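Topology and contacts: notes
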Amino acid sequence: MSPNSLIAAAGVAAAGVLAVLRKRTIEDSEVRLLHAPQTAMLADGAELLSVIDAECPSLAGSATARFVPSMALPSADLQTCFSAVRERFGRLALVEYERELITTKDGGTIGLDWSPPLAQMPADERPIVLLSPGLSGGSQETYVQTTVKRLTSEPYNFRTVVVNFRGCAGVKVTTPVLYNGGLTSDYGYAVDHIRGRYPSSKLVGIGYSLGANLVTKYVGEQGEGCPLSAAISVCNPYDLAASSDALEVPTFRNRRIYTPAMLLGLMKLYRRHHKIIETGPVELDVEAISKIKSIRQFDNLITAKLFGYQDGTDYYRKNSCAQFMPAIRVPFLAISAMDDPVCPESIIPREVFRTNPHLILALTKYGGHLGYHEDLSSSWFERPIAEFCAAVFGHASA
């Protein structure tokens, strides 16, 4: 057989293998829902699961409730890294924001990025969606912008606001503390401010990654009195210690990709604001901080110290959202991928989804961490987020 024939035969064989793998991926792409045998009744008497079945095709329906990863991004690592790589070579500006700065009771600053801008959308009673980004993130993140774009477009036309915590997305640090994944007092302050500005609007809170942990903890703490009509969690770590442990496993991708990338954002946040942090009453070990190599070390040396925890483990234990989920009393949708390399499938608290009738877990086989790229321009989770928001807004009390 000639060299050209060998090359052609190899190409045909490779194409055949890829076709088989793609077929298997498509077959495994269905969305699996985990929930209590009887889900909660909404304000108008409709059952939560029945509403999802009828109004959320991306979550229910054998033909439509599927996530099939882009052929260009077939693995969890590629799904996870794509947005970060794209932003590194040119940050996208998909939506227009108007920033409002609010001051907390202790003098801290939170940045609320409204879209559409307040000047373009007069005050009315339309629903509002609050978005809380992941670790050290903000309104500029691609996954936030693409969701905002969908929510503010036809047929939804919601008002959206991204809650940028202390030091994130260009918000100045005005007190000697940053923020953490359990600081629900700041989130609650933002919610109260938004309710005061638009008292007749219904609210839904969305959290991504560490922001999901915070939003979930908040709605659990609020219980029956939660001011949100519903909440959505995307790629939630649930157990901060277990998620940290997963990143500590000495694999190539942890040592060379995920830990350095996440730590880079945290250390930039600290270095940008270290002068005001050092004016506070807490004395930090500057030499030890200069040698930080892991997220856990950051939380031991900085987060725990600034917020009065014994160490990072104590911070994780008291702020992991899973322990607050039994008390959630509003419709709650969680979206997680079984191949998430940052928040492993094993830490999802399945039992609470099986027992709390207000909770729905949408589990996919693929998606990575905050990836979910069906193509190279958007993320699948925008669709179920928008559908769920529209559904719960439509059935919520006035």
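Let me begin by describing the structure that accompanies this report. (Residues numbered from 1 in each chain as written. Predicted model: local features only at pLDDT ≥ 70, side-chain atom pairs only at ≥ 80, totals over all residues. Heavy atoms only, no water.)

**A look at helix α5 (residues 184-197)**
Taking 1.5 Å of rise per residue, 14 residues should cover 20 Å, and α5 covers 20 Å from first to last C-alpha, within 8% of that figure. Those residues of α5 that fall on the buried side of the exposure criterion are Thr-184, Asp-186, Tyr-187, Gly-188, Ala-190, Val-191 and Ile-194. (Helix = DSSP H or I, 4+ residues; strand = E, 2+ residues; numbered from the N terminus. Expected span 1.5 Å × (residues − 1). Buried < 20%, exposed > 50% of the residue type's maximum accessible area, 1.4 Å probe, protein only.)

**As for the pattern of salt bridges**
A full pass over the atoms with the stated rule returns 20 salt bridges. The residue Arg-150 makes a salt bridge to Glu-382 at a minimum N-O spacing of 3.4 Å. Of this pair, Arg-150 sits in helix α4 (residues 142-151) while Glu-382 sits in helix α13 (residues 382-395), placing them 232 residues apart in sequence. Look at Arg-150 and you get partly exposed, because its relative accessible area is 28%. Judged by relative accessible area, which is 4%, Glu-382 ranks as buried. It is possible to trace a salt-bridge network through shared partners that takes in Glu-30, Arg-32 and Arg-66. (Salt bridge = Lys/Arg side-chain N within 4 Å of Asp/Glu carboxyl O.)

**Focus: the pairing of strand β9 (residues 359-364)**
Most of β9 sits inside the fold, with 6 of its 6 residues counted as buried. Here β9 shows two buried faces, one formed by Leu-359, Leu-361 and Leu-363 and the other by Ile-360, Ala-362 and Thr-364. As defined by bridge partners, strand β8 (residues 332-337) adjoins β9 across 6 bridges and the pair is classed as parallel. Paired with Ile-335 across the bridge in β9 is Ala-362. Handedness of the crossover is the feature at issue here: the chain leaves β8, passes through helix α12 (residues 350-355), returns alongside β9, and the resulting connection is right-handed. (Pairing = 2+ DSSP bridges. Right-handed = clockwise from strand over helix to strand, strands pointing away.)

**Focus: the environment of Pro-237**
Take Pro-237: it is sitting in the loop between β7 (230-234) and α7 (240-248). Residue Pro-237 is classed as buried on the basis of its relative accessible area of 4%. Remark: the alpha-carbon pair of Pro-237 and Ser-320, spanning 83 residues in sequence, is separated by 8.1 Å. Filtering out sequence-adjacent residues up to four positions away, Pro-237 remains in contact with Ser-209, Leu-210, Asn-213, Ser-243, Cys-343 and Ile-347. (Contact = heavy atoms within 4.5 Å.)

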